Amino acid sequence: MFQRKPFTHGAVEFSLLGEMMAQLTPRCSDPCIVTRQTAIDCIQMALIVQQRFKGHPADHIVYKDEVIDALPVLKEQAVKRDPNALFSVINDLSKALSKKVPNDQLVGFLNKLFEGLLDSQSHSSSGACVVLNTILKTRGSELMSRVPQILRSLHEKLTLILDHQQTRTGTLRAVRTLVTHHLIPSLSALLKYPTPFDEHVVEMWKMIAQDGQLTTSIFDHILELLARSLPYEEKDDPREKTSTLKTAMLVPLA
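In what follows, the accompanying structure is described. These numbers come from a predicted model, not from an experiment.

So, the packing of aromatic side chains
How two aromatic rings sit relative to each other is given by the distance of their centres and the angle of their planes.
Right, so step 1: Scanning the model with the defined rule gives 1 aromatic pair in all.
Right, so step 2: Centroid distance F14 to F53: 5.4 Å. Interplanar angle 20 degrees. Geometry classified as stacked. With F14 in the segment before α1 (17-24) and F53 in helix α2 (residues 33-53), this pair connects stretches of sequence that are 39 residues apart.
Right, so step 3: Accessibility expressed as a relative area gives 13% for F14, which makes it buried.
Right, so step 4: Given a relative accessible area of 16%, F53 falls into the buried group.

Spelled out as structure tokens, the structure:
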């Protein structure tokens, strides 16, 4: 119905669009070709419904949308079994999704996409990773207030991604991509992890350090923190009121 007839009571958003597309994303690189093509069809249909909600006509001659019109081409290319060809399809799909996820649905899209990183099929989790990196690269500037939440989610997923190394590496790259957009909030969040850092936090730092420009900025920021931070804080000793306890501060310790 929505495909044929525009929503006539004023332009509104299809509120489930972001989460729906994120949930479909891993299936677009599923080992089963029919599943891949069906998932791309579903994403195209969801975008068409969104256009009807916004009041655009169904007639493609009157109203054309390049992203929606390009999806059947990706569907045709998705029949190829070559890993490089499949990567190209998912890469192009990720660019389309980055243009179509509404601003107010971006966080919901990401939260649902994070679940795809744990997909049992390595092709599917890797596909979710490609989309995640593209979204963070192109839309990461919109996420400053969500940096701690996103890093917590990625850290949580890293503790569970044990068998699919390609997905794990891609998830670590997503951390680095987020840091390039929001250096100070990201460092503040990472430095708050308990010491000694677990292996997943260590790998996050190692991936970030592979970017030379980031490393220079990180050192500058940490040196500034050290110059402004006390090495310890003094608190009253609960066992003896006349004495104090010195407790190491987290930032200098990290």
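Digging into the pattern of salt bridges
Right, so step 1: Inspection of every chain in the model, using the stated rule, returns 8 salt bridges.
Right, so step 2: Two residues, K157 and E156, come together in a salt bridge whose shortest N-O distance is 3.9 Å.
Right, so step 3: The salt bridge involving E203 is made with R168; its shortest N-O contact spans 3.0 Å. Within this pair, whereas E203 is found in helix α10 (residues 199-209), its partner R168 is found in helix α8 (residues 165-181), the two being separated by 35 residues in sequence.

Quick word on unusual backbone geometry
Right, so step 1: Residue P196 is bonded to the preceding T195 through a cis peptide linkage, with omega at 0 degrees.
Right, so step 2: Looking at the element boundaries, P196 is found in the loop between α9 (183-191) and α10.

What to know about the environment of P72
Right, so step 1: Along the polypeptide, P72 turns up in helix α3 (residues 66-77).
Right, so step 2: Between the C-alpha atom of P72 and that of Q44, which follows or precedes it by 28 residues, the distance is 8.2 Å.

A closer look at α3
Right, so step 1: A rise of 1.5 Å per residue sets the reference length of α3, with its 12 residues, at 16 Å; its end C-alpha atoms lie 17 Å apart and thus fit the reference within 8%.
Right, so step 2: Within the span of α3, buried status applies to V67, I68, L71 and L74. Taken end-on, α3 shows its buried residues confined to a sector of 95 degrees, consistent with a single buried face. Exposed positions of α3 whose direction lies more than 90 degrees from the buried face are E66 and E76.
Right, so step 3: On its buried face, α3 sits against α2 and α4 (83-100).
Right, so step 4: N-capping of α3 is provided by D65, with a side-chain oxygen placed 3.0 Å from the backbone N of V67.

Cut-off values and rules
- Residues numbered from 1 in each chain as written.
- Predicted model: local features only at pLDDT ≥ 70, side-chain atom pairs only at ≥ 80, totals over all residues.
- Heavy atoms only, no water.
- Phe/Tyr/Trp six-rings, centres within 6.5 Å; stacked < 30°, edge-to-face > 60°.
- Helix = DSSP H or I, 4+ residues; strand = E, 2+ residues; numbered from the N terminus.
- Buried < 20%, exposed > 50% of the residue type's maximum accessible area, 1.4 Å probe, protein only.
- Salt bridge = Lys/Arg side-chain N within 4 Å of Asp/Glu carboxyl O.
- Expected span 1.5 Å × (residues − 1).
- Arc of directions from axis to C-beta.
- Contact = heavy atoms within 4.5 Å.
- Polar contact = N/O pair within 3.5 Å; in protein donor to acceptor, adjacent residues only side chain to side chain.

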